[in-house]
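Breakdown of the fold
Residues per chain are reported as follows:
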Amino acid sequence: MEGYIIEISNLYTSFFIDTQVIPVINDLNLRIKKGKVLGLIGESGSGKTMTALSILRLVPSPGKIISGRVCFEGKDLLSLTNREMESIRGNRIGMIFQEPMTALNPVIRVGEQISETLITHKGLSKKEVREISLELLKKVGFEDPGKRYIQYPHQLSGGQRQRVLIAIAISCNPSLLIADEPTTALDVATEAQILSLLKELIETQNMSMLFITHNLNIMKRFGDHIGIMYAGRLLEMAPVVDFFNEPLHPYSKGLIDSIFTLRPNEKRLKVIPGFVPRLSELPEGCKFHPRCNYAMDICKKDEPPMQDLGNERWIRCYLF
Ligand SMILES: Nc1ncnc2c1ncn2[C@@H]1O[C@H](COP(=O)(O)OP(=O)(O)OP(=O)(O)O)[C@@H](O)[C@H]1O
Ligand SMILES: [Mg+2]
């Protein structure tokens, strides 16, 4: 665990629908170094959000974490009581989700929504909390925190609401921030501002971050490490620079080639021919083999394990 803020081992999460068991996270192994950003990339339905929700133990029913370990600050989150978990969520682990429109309560002033988290987790007085909330509004880039404090969410733009959500997420000084597509609902200029705010916060607040996105271009500038997800599996994990210099997995290569066909403001990933398979009808062997130009016989029969290649590179592919 030395040097890592979170270390996920052999995580499995499934949905139980009627008599069917649909695995959405399968043997996931993932680590984030202290002070670093891990970007999790994958097509729609690949399991990025479920990874975040599994860490937070917020997988919605009929989904369930089946097994694995999620070591965070020396504890296995999966073995904590619900109460212990509540004291970690929003406190040691901050969260920002995609929808800045729906994540705030429309009838409560933004300042009070920031204060609420601090009261819940830190047991501070109303006066102390007000000061800290104003400080936080300033920290996320509002020049007039006093005015913002008494506004309602509908009085703010999408980007401003996302700033408020970031203020809430960092209010208790979390050591890990989980951001699930925090800029997808924003225009390109606002997206750039929010990303630079997040980057500055990571550097100044001593935080680590799990950053979920569809956008490989963002990761090129933003992340330290990158993880590529496909059909509930992590197929490759690597330092960002090495990944872009030399992607190893055939799927990763396809993703990088696809960047060049992406229009500047396109947010969805455009990819290699074929479809992400339905989770209830996954092929035998490597889940990517039907779309892979390098598939060998073994790829059709046995699923490759995650291998440690050294130099912080991991891969799930028989070519290595
Ligand atoms: N409530 C649910 N019931 C059944 N299956 C679900 C449910 N929620 C999610 N899933 C399945 O879990 C899989 C992973 O979903 P997840 O939301 O993690 O994908 P994602 O990578 O975050 O996609 P996106 O990029 O669209 O946000 C999907 O295939 C989805 O069909
Ligand atoms: Mg998602």
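Before any of the text, the structure's been laid out above.
In this report, the structure presented in the accompanying data block is examined. (Residues numbered from 1 in each chain as written. Chains lettered and ligands numbered in written order. Predicted model: local features only at pLDDT ≥ 70, side-chain atom pairs only at ≥ 80, totals over all residues. Heavy atoms only, no water.)

**What to know about the overall build of the chain**
Selection criterion: Segments assigned H or I by DSSP are reported as helices when at least four residues long, segments assigned E as strands when at least two residues long, and all are numbered from the N terminus. Between the two quantities, the radius of gyration covers C-alpha atoms and the globule rule is 2.2 Å times the number of residues to the power 0.38. Using a 1.4 Å probe on the protein chains alone, a residue whose accessible area is under 20% of its type maximum counts as buried, one over 50% counts as exposed, and one in between counts as partly exposed. We get accessible surface area from the Shrake-Rupley algorithm with a probe of 1.4 Å; when it comes to residues, only the shown protein chains can shield them. Here the positive residues are Lys and Arg and the negative ones are Asp and Glu; neither His nor the chain ends is included. A charge is said to be at NZ when it belongs to Lys, at CZ for Arg, at CG for Asp and at CD for Glu.
Per the secondary structure count, the chain includes 11 helices and 12 strands. Relative to its length of 320 residues, the chain is compact, with a C-alpha radius of gyration of 20 Å against a globular reference of 20 Å. Principal axes of the C-alpha set define a box for the chain whose edges measure 65 × 45 × 40 Å. Taking all 320 residues of the chain together, 53% fall into the buried category. About 14,900 Å² of surface is accessible on the chain, with carbon and sulfur atoms providing 50% of the total. With 39 positive and 36 negative side-chain charges, the chain shows a separation of 3 Å between the mean positions of the two kinds.

**Notes on the pattern of salt bridges**
The following threshold applies: Every case where a carboxyl oxygen of Asp or Glu lies within 4 Å of a side-chain nitrogen of Lys or Arg is listed as a salt bridge.
Applying the stated criterion across every chain yields a total of 11 salt bridges. Linking Glu303 and Lys287 is a salt bridge whose minimum nitrogen-to-oxygen distance equals 3.9 Å. Of this pair, Glu303 sits in the loop between helix H11 (297–301) and strand E11 (307–310) while Lys287 sits in the loop between helix H10 (250–259) and H11, placing them 16 residues apart in sequence. When its relative accessible area of 27% is taken as the criterion, Glu303 is described as partly exposed. Where salt bridges share partners, they join Asp144, Lys147 and Arg148 into one cluster.

**What about the site of ligand 1?**
Stated formally: When we say a residue is near a molecule or strand, we mean one of its heavy atoms is within 4 Å of it. Polar contacts here mean pairs of N or O atoms no more than 3.5 Å apart (in protein, one a potential hydrogen donor and the other a potential acceptor; neighbouring residues in sequence count only if both atoms are side-chain atoms). The classification used treats Ala, Val, Leu, Ile, Met, Phe, Trp, Tyr, Cys and Pro as nonpolar, Asp, Glu, Lys and Arg as charged, and all other residues, Gly among them, as polar.
Around ligand 1, a shell composed of 14 residues is seen, among which Ser44, Gly45, Lys48, Thr49 and Met50 lie nearest. For ligand 1, an oxygen atom lies 2.7 Å from a polar atom in the side chain of Lys48. Protein contacts shield 68% of the accessible area of ligand 1, which totals 640 Å² for the unbound molecule. Those elements that place two or more of their residues in the shell around ligand 1 are strand E1 (4–17) and helix H1 (48–56). Here the shell around ligand 1 gets 3 residues from one element, more than from any other, and that element is H1. A per-class count over the shell around ligand 1 returns 5 nonpolar, 6 polar and 3 charged.

**Section: the sheet that holds strand E5 (residues 75–76)**
Put simply, the rule is: Any two strands are treated as partners once DSSP identifies two or more bridges connecting them. We call two residues contacting when some pair of their heavy atoms lies within 4.5 Å. Axes here refer to lines fitted to C-alpha atoms; in helices the fit is confined to the stretch in contact. Angles between the N-to-C directions go from 0 to 180 degrees.
Ordered by their spatial adjacency, 4 strands build an open sheet running E2-E1-E4-E5, and the pairing between neighbours is antiparallel. Of all strands in the sheet, those with a lone pairing partner are strand E2 (20–33) and E5, marking the two edges. Note that E1 and strand E4 (residues 63–72) share 8 bridges and pair antiparallel. Its bridge partner being in E4, Ser14 is matched across the sheet by Lys64. In the packing of H1 onto the sheet, the strands contacted are E1, E2 and E4, and the crossing angle to E2 comes to about 75°.

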